[in-house]
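# Reading the structure
So the chains spell out like this:
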Amino acid sequence: MTLVLPTASPRRKANFTAYELTVFGVVAALFLLALIGPMIAPADIYTSNMLETLFPPSAEHWLGTDDQGRDIFWRLIAGSQLSLFATVLVVILYSIIGMIVATLATVGPRWVDELLMRVTDIGLSLPGLVVSLGIATVLGPSLQSGIIALALTGWPMTARILRTTMRQTMEQPFVEGARILGVSRTRLMLKHVLPNSLDVLIVKWAGDISFTMLILAGLSFIGVGAQPPSPEWGAMISGARGNMSIAWWAVAAPGAAIVINAVAFALLADILQVRRDPSLRA
């Protein structure tokens, strides 16, 4: 009788569809544009030219000019870094706050968990946009104020989700094995529990970039975020709204840029969700 030894099955390769590759490519292009945008934009994007105010799109000015005679196309290119990187920074900041709260709630005594979760519940019950508006107003109108305001109001959902996931991870056999081997509680949380709990947030982070960009642009639009002559897209819309009836392109161009970015990251979140849970493929 011939003994046949079991062989390891070949590792399945990740097959990406044309749709997924297209979304990945668009997101990568948006990050690349944000990275190099200010470097390739001309230096006069902040300089007024009153002889060329509100010119419509043309071969010389692809997206027209604004009420100060500045080229809208190059201001969009330069502002991509402000708009996208500021959004990513907000998500990073409130994710860090949420992770700290979730970790303390998981590793701490019961009263610490109860206290932090009640504070989290209060944060979830408050209208985030209204609170962000109030914080940004108190700090003074600026892009930095908008970033701080959104970071201080965006962490409760991350803390709630991560705390639940970390509680579930604590019950896994590998965590129990590490505890038996004498791994310290701090090392256990930082090396085993937290890293193995973050995958549930990857989808949320991609979607949060989409939502946060809209909110950050909204704060600039109502005057408590980025201020003129900043090429941040929300500030560009705010500066052009008074001329919308005669220069629609000055509003449509930054508005389209915000929509393209928001939709791209929302689609990325959907793809990551399907990849994480194959049962959703149908």
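Residues numbered from 1 in each chain as written. Predicted model: local features only at pLDDT ≥ 70, side-chain atom pairs only at ≥ 80, totals over all residues. Heavy atoms only, no water.

### A short note on the nonpolar core
Note that soluble globular proteins tend to have their nonpolar side chains buried in a common cluster. If you look at the biggest cluster of nonpolar residues, it comprises 51 residues, and the most contacted ones within it are Ile72, Leu76, Leu84, Trp233 and Phe265. Every element with two or more residues in this core is listed here: helix 1 (18–40), helix 2 (72–107), helix 3 (110–125), helix 5 (143–153), helix 6 (155–170), helix 9 (199–221), helix 10 (233–240) and helix 11 (249–276). At 11 residues, the largest contribution of residues to this core is made by helix 11. Apart from the residues lying within four places of it in its own chain, the contact partners of leucine 76 are Leu63, Trp233, Met236, Ala253, Pro254 and Ala257. Counting residues in hydrophobic clusters, the runner-up holds 12 residues, among them Met99, Ala102, Met170 and Val193. (Core = buried A, V, L, I, M, F, W, Y, C linked by side-chain atoms within 4.5 Å. Buried < 20%, exposed > 50% of the residue type's maximum accessible area, 1.4 Å probe, protein only. Helix = DSSP H or I, 4+ residues; strand = E, 2+ residues; numbered from the N terminus. Contact = heavy atoms within 4.5 Å.)

### A look at the environment of aspartate 66
With respect to the helices, strands and loops of the structure, aspartate 66 is situated in the loop between helix 1 and helix 2. C-alpha of aspartate 66 to C-alpha of leucine 35: the two residues are 31 residues apart in sequence and 24 Å apart in space. Here the side chain of aspartate 66 touches glutamine 68 through a polar contact of 3.0 Å, landing on its backbone nitrogen. Polar side-chain contacts of aspartate 66 include one of 2.8 Å to the backbone nitrogen of arginine 70. (Polar contact = N/O pair within 3.5 Å; in protein donor to acceptor, adjacent residues only side chain to side chain.)

### Considering the pattern of salt bridges
Inspection of the entire model under this criterion finds 10 salt bridges. Among the ionic pairs, aspartate 66 bridges to arginine 75, the shortest N-O distance being 3.8 Å. For the pair shown, aspartate 66 and arginine 75 are each scored as buried. Between arginine 118 and glutamate 114 there is a salt bridge, with the nearest N and O atoms lying 2.6 Å from each other. Of this pair, arginine 118 and glutamate 114 both sit in helix 3, separated by four residues, roughly a single helical turn. Residue arginine 118 is classed as partly exposed on the basis of its relative accessible area of 39%. Classification of glutamate 114 as partly exposed rests on a relative accessible area of 32%. Among the charged side chains, a salt-bridge network with shared partners connects Arg110, Glu114, Arg118, Asp121 and Arg160. (Salt bridge = Lys/Arg side-chain N within 4 Å of Asp/Glu carboxyl O.)

### Things to note about the environment of methionine 99
Structurally, methionine 99 can be placed in helix 2. Counting along the chain gives 59 residues from methionine 99 to threonine 158, while the straight-line C-alpha distance between them is 7.3 Å. Beyond its immediate stretch of four places on either side in the chain, methionine 99 contacts Leu162, Leu194 and Leu198.

### Looking at helix 3
Between its first and last C-alpha atoms helix 3 spans 22 Å; for 16 residues at 1.5 Å apiece the expected length is 22 Å, and the two agree. Among the residues of helix 3, those classed as buried are Val112, Asp113, Leu116, Met117 and Thr120. For helix 3, the buried positions fall inside an angular range of 120° around the axis, keeping them on one side. Pointing more than 90 degrees away from the buried face of helix 3 are the exposed residues Arg110, Trp111, Ile122 and Ser125. (Expected span 1.5 Å × (residues − 1). Arc of directions from axis to C-beta.)

### Focus: unusual backbone geometry
At the junction of proline 228 and proline 229, the peptide bond is cis and its omega measures out at 5° in the coordinates. The residue proline 229 is located in the loop between helix 9 and helix 10 in this model. With a phi close to 55°, leucine 54 is a non-glycine residue in the positive phi region. Locating leucine 54 in the fold gives a position in the loop between helix 1 and helix 2.

### Looking at the packing of helix 9 against helix 10
At a minimum axis distance of 7 Å, the contact between helix 9 and helix 10 shows a crossing angle of 40°. Considering the angle they form, helix 9 stands oblique to helix 10. Judged by the twist between their axes, the crossing of helix 9 over helix 10 is right-handed. On helix 10, the residues that touch Met213, Ala217, Ser220 and Phe221 of helix 9 are Trp233, Gly234, Ala235, Ile237 and Ser238. Of the residues contributing to the contact of helix 9 with helix 10, the split by class is six nonpolar, three polar and no charged. (Axes fitted to C-alpha atoms, helices over the stretch in contact; angles between N-to-C directions. Parallel < 35°, antiparallel > 145°, perpendicular 65-115°, else oblique. Left-handed = near helix turned anticlockwise from the far one by under 90°. Nonpolar A, V, L, I, M, F, W, Y, C, P; charged D, E, K, R; others polar.)

### Considerations on the confidence of the model for the protein chain
On average, residues of the protein chain carry a pLDDT of 89, and 93% of them reach 70 or more. Ignoring residues within four places in sequence, the model shows residues 1–9, a span with pLDDT below 50, making zero contacts including any to other chains. (pLDDT = per-residue confidence, 0-100.)

### A short note on the side chain of threonine 165
Of note, threonine 165 is situated in helix 6. Note on threonine 165: relative accessible area 13%, which makes it buried. Here the side chain of threonine 165 touches isoleucine 161 through a polar contact of 3.0 Å, landing on its backbone oxygen.

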